[in-house]
Amino acid sequence: MIDKKVFVVAIDGPSASGKSSVSRELARRHGWVWVSTGAFYRGLAVVARELGVATSDVAKLSALADDERWQVVLADDRTRVLLDGKDVTDQVYREDIGNAASTISQIPAVRSRLLEGQRRCAKGVAGLVAEGRDCGTVVFPDAPVKIYLTAHSEHRFERRAREEGRSVEETRAAQTQRDLQDSTRASAPLQVAPGAVVIDTSHLDLPGVVNKVDDLVKAALASWKN
Ligand code: DC
């Protein structure tokens, strides 16, 4: 069940479009929580790897998706993952795990099992910023603010290469494959949600993007009834 009393900002977009940085800062400004829904897919990818489950094993991955041995935990800095009580967040944000997450996110049974946990993030909080690929289309379709962040691909590759200390060429190959996979899959592909405002971040710095999103948030808050 989606809690309609909670103000949700849904932010979607391709990899390295700045979703996490924008969500973190927007949540900080309003005293809300934020979640990277990608952490659910990444977390499952880490757990599968730790337990020796292949990314092609649909039955085992679906069962693991709601296995209580692992949890996603919300935090101010980044969305964390615990496996058997141990923090495995450092593994979660590696590029190889991002690619594995993209592969397993194509499995409809995995998506439907991870959905409930993502919606639970909106329980008992004043506001939630949720970012991912299908936050405005599937996870929180009634969110009063929906944003689609995008950036010219070369800007995104450079940004991610800088963050990870890798070459732009290496990053370009990995990201292109992942974006293609995320936007062409049959189940909940990355797309602009109905009613979403598209923001191109190519020529904006972080405060510039957050200000644009925040203007939309403030306007929506003014007319929002809960
Ligand atoms: O946003 P991210 O890079 O952490 O996401 C990792 C992968 O997880 C992404 O390539 C596709 C999948 N994902 C998804 O299918 N749906 C979401 N809402 C978020 C992520």
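Residues numbered from 1 in each chain as written. Predicted model: local features only at pLDDT ≥ 70, side-chain atom pairs only at ≥ 80, totals over all residues. Heavy atoms only, no water.

(A) Seen up close, the overall build of the protein. A tally of helices and strands in the protein yields ten helices and eight strands. If one aligns the C-alpha atoms of the protein with their principal axes, the spans along those axes are about 50 × 40 × 30 Å. Buried positions account for 49% of the 226 residues belonging to the protein. Put simply, of all contacts in the protein between residues at least 6 apart along the chain, 75% involve residues at least 24 apart. Accessible surface, the protein: about 10,400 Å² in total, of which carbon and sulfur atoms supply 52%. Taking the average location of the 32 positive side-chain charges in the protein and that of its 31 negative ones, the two points are 3 Å from each other. (Helix = DSSP H or I, 4+ residues; strand = E, 2+ residues; numbered from the N terminus. Buried < 20%, exposed > 50% of the residue type's maximum accessible area, 1.4 Å probe, protein only. Contact = heavy atoms within 4.5 Å. Areas by Shrake-Rupley, 256 points an atom, 1.4 Å probe, with all protein chains shown as cover. Lys, Arg positive; Asp, Glu negative; His and termini not counted. Charge placed at Lys NZ, Arg CZ, Asp CG, Glu CD.)

(B) Region of interest: helix H1 (residues 19-30). For H1, which comprises twelve residues, the first-to-last C-alpha distance of 17 Å matches the rise-based estimate of 16 Å (1.5 Å per residue) to within 8%. Among all positions in H1, only Lys-19, Val-22, Ser-23, Glu-25, Leu-26 and Ala-27 are buried. Where H1 is buried, its residues meet strand S1 (7-12), strand S2 (33-36), strand S6 (127-132), strand S7 (145-150) and helix H10 (206-223). Looking one or two places after H1, you find Gly-31, whose phi comes out positive at around 70 degrees. (Expected span 1.5 Å × (residues − 1).)

(C) Examining the packing of aromatic side chains more closely. As enumerated under the stated definition, the model contains two aromatic pairs in all. Here Phe-7 and Trp-32 contribute two aromatic rings whose centre-to-centre distance is 5.4 Å and whose plane-to-plane angle is 40 degrees, an arrangement assigned as tilted. Taken together, the residues Phe-7 in strand S1 and Trp-32 in the loop between H1 and S2 connect sequence positions 25 residues apart. A relative accessible area of 2% places Phe-7 in the buried class. Taken together, the ring pairs in this structure connect Phe-7, Trp-32 and Trp-224 into an aromatic cluster. (Phe/Tyr/Trp six-rings, centres within 6.5 Å; stacked < 30°, edge-to-face > 60°.)

(D) Quick look at the nonpolar core. Grouped together as the largest cluster of nonpolar side chains are 36 residues, with contacts concentrated most on Leu-44, Leu-114, Leu-128 and Phe-140. For this core, the secondary structure elements donating two or more residues are S1, helix H2 (38-51), helix H3 (58-65), strand S4 (80-83), helix H5 (95-104), helix H6 (108-120), S6 and helix H7 (135-139). If you tally residues by element for this core, the top one is H2, at seven residues. Counting residues in hydrophobic clusters, the runner-up holds 18 residues, among them Leu-149, Ile-199, Val-213 and Ala-220. (Core = buried A, V, L, I, M, F, W, Y, C linked by side-chain atoms within 4.5 Å.)

(E) Structural view of unusual backbone geometry. Positive phi values are uncommon outside glycine, yet Ala-16 reaches one of about 60 degrees. For Ala-16, the position within the fold is in the loop between S1 and H1. Residues other than glycine seldom take positive phi values, yet Asp-84 does so here, at roughly 50 degrees. On the secondary structure map, Asp-84 appears in the loop between S4 and strand S5 (86-87). Overall, Asp-84 belongs to the exposed group, its relative accessible area being 58%.

(F) How the structure looks around the sheet that holds S7. Spatially, the five strands line up as an open sheet ordered S2-S6-S1-S7-S8, and their pairing is parallel. The strands lining the two open edges of the sheet, one partner per strand, are S2 and strand S8 (197-200). Across the sheet, the mean angle from the axis of one strand to that of its neighbour is 20 degrees, orientation sign disregarded. Where S1 meets S7, four bridges bridge the pair, whose relative direction is parallel. Opposite Val-9, over in S7, you have Val-145 as the bridge partner. Sheet contacts for H10: S1, S7 and S8; angle to S7, the most-contacted strand, approximately 165 degrees. (Pairing = 2+ DSSP bridges. Axes fitted to C-alpha atoms, helices over the stretch in contact; angles between N-to-C directions.)

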